[in-house]
Amino acid sequence: MKFIYLSENKQYVLENDRVVKKDLSYEKGVVSACIGYKNILNITFKLPRDIEEDMLEIEADEYVYNQGTLDYNKEYKINYIFKPYEDYYMVEAYAIQTDKLEKEFEKYLKIFKYIDFIFAKPFVYKAYYDIASVIPKYDIFIYMDNNEAFLSCFANGKFVFVKSLSKIESLAKQLDKTIDETIKILNEKGLIKENYEDEETF
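Below or above, wherever it landed, is the structure these notes cover. (Residues numbered from 1 in each chain as written. Predicted model: local features only at pLDDT ≥ 70, side-chain atom pairs only at ≥ 80, totals over all residues. Heavy atoms only, no water.)

1. Re the nonpolar core
The biggest cluster of nonpolar side chains holds 24 residues, and the ones touching the most others in it are Leu6, Ile35, Phe105 and Ile115. Contributing elements (two or more residues each) for this core: β1 (3-7), β4 (30-35), β7 (88-97), α3 (106-112), β10 (149-155) and β11 (158-164). Of all the elements, β4 adds the most residues to this core, at three residues. Residue contacts for Phe105: discarding those within four places in its chain leaves Ala33, Cys34, Ile35, Ile115 and Ile118. (Core = buried A, V, L, I, M, F, W, Y, C linked by side-chain atoms within 4.5 Å. Buried < 20%, exposed > 50% of the residue type's maximum accessible area, 1.4 Å probe, protein only. Helix = DSSP H or I, 4+ residues; strand = E, 2+ residues; numbered from the N terminus. Contact = heavy atoms within 4.5 Å.)

2. Let's talk about a nonpolar patch on the surface
There is a patch of nonpolar side chains on the surface, built from Phe3, Leu14 and Val19 and spanning about 280 Å² of accessible area. Within the secondary structure layout, Leu14 lies in strand β2 (residues 10-15). On the basis of relative accessibility, which here comes to 39%, the residue Leu14 falls in the partly exposed class. (Patch = residues over 30% accessible without salt bridge, like charges linked within 9 Å, V, L, I, M, F, W, Y side chains within 5 Å. Areas by Shrake-Rupley, 256 points an atom, 1.4 Å probe, with all protein chains shown as cover. Salt bridge = Lys/Arg side-chain N within 4 Å of Asp/Glu carboxyl O.)

3. Observations concerning the packing of aromatic side chains
Within the structure shown, the criterion is met by 22 aromatic pairs. Geometrically, the ring pair formed by Phe154 and Phe159 is edge-to-face, given 5.7 Å between the ring centres and 80° between the ring planes. By relative accessible area, Phe159 is classed as buried at 12%. Clustering of aromatic rings is evident, with ring pairs tying together Tyr94, Phe123, Tyr125, Tyr128, Tyr129, Phe141, Phe154 and Phe159. Seen from the ring of Tyr88, Lys46 lies directly overhead, with NZ or CZ sitting 4.4 Å from the centre. Over the aromatic face of Tyr89 sits the side chain of Arg49, whose NZ or CZ is 4.8 Å from the ring centroid. (Phe/Tyr/Trp six-rings, centres within 6.5 Å; stacked < 30°, edge-to-face > 60°. Lys NZ or Arg CZ within 6 Å of the ring centre and 35° of its normal.)

4. Topic: helix α5 (residues 168-175)
Those residues of α5 lying buried are Ile168, Leu171 and Ala172. Each buried residue of α5 lies within a common arc of 100° when the element is viewed along its axis, so the set occupies one face. In α5, the exposed positions angled more than 90 degrees off the buried face are occupied by Lys173 and Gln174. Where α5 is buried, its residues meet β9 (138-144) and α6 (179-189). Once α5 finishes, Asp176 follows within two positions and takes phi at roughly 60°, a positive value. (Arc of directions from axis to C-beta.)

5. Describing the pattern of salt bridges
For the structure on display, the rule yields six salt bridges. Among the salt bridges present, the one from Asp23 reaches Lys10, with a minimum N-O distance of 2.4 Å. Residue Asp23 is located in strand β3 (residues 18-23), and its partner Lys10 is located in strand β2; the two are separated by 13 residues in the primary sequence. Several salt bridges converge on common partners, so that one network encompasses Lys2, Glu15, Lys22 and Glu27.

6. Describing the pairing of β2
Across the two faces of β2 the burial differs, with Gln11, Val13 and Glu15 buried and Lys10, Tyr12 and Leu14 not buried at all. Bridge analysis of β1 against β2 gives five bridges, and the strand direction is antiparallel. Across the sheet, Leu6 pairs through a bridge with Gln11, a residue of β2. Where β1 folds back onto β2 in an antiparallel hairpin, the turn is made up of two residues, including Glu8, whose phi is positive at roughly 50°. For β2 and β3, the ladder comprises six bridges, and the chain directions are antiparallel. Residue pairing for β3: Lys10 is matched across the bridge by Asp23. Where β2 folds back onto β3 in an antiparallel hairpin, the turn is made up of two residues, including Asn16, whose phi is positive at roughly 50°. (Pairing = 2+ DSSP bridges.)

7. Digging into the pairing of strand β6 (residues 76-84)
One ladder, built from nine bridges, connects β6 with β7; its direction is antiparallel. What sits directly across from Lys83, in β7, is Met90. Taking the residues that link successive antiparallel strands as the turn, the β6-β7 hairpin has three residues.

Encoded structure:
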């Protein structure tokens, strides 16, 4: 079975243990794609610790619609992360409107009709540990492009939180550099403080 990943008006097909980049054209297989963090609504809240586990999502749904910012008149895809503490659960809800999903992947759906799996970019770094055979520790992954930037924090291989960062365009303006110059600086120096001549630039 083929595995097809859709991105930037191209498809990446896993064939014979190698990935082949192709123009968009229907192929039968398992189809996947990623959605950016900028499209996701993040709601953080607490729930009582005595709620039974099989009721957690029901209680969380009630919270995000009644006390959160979700609209009852719209359909959402929601993923919850429950972190248990002594007296409460800390809940991270990640929601996206279904119509936004359809709009984001409209061009692909005209060709493939469906997408089997859609992953949120902040969570995909979990796969890094398996792919690179790296022992999980306390790790931060930073993503930047012209549209968005964020960092994803993992502890022992488990997702902890995500935080928005300044986009490359914003960084370029702050540094009084072009976008290409800013990308070059990041590629050469990374986010290592000692690589920069002054603390303000870092």
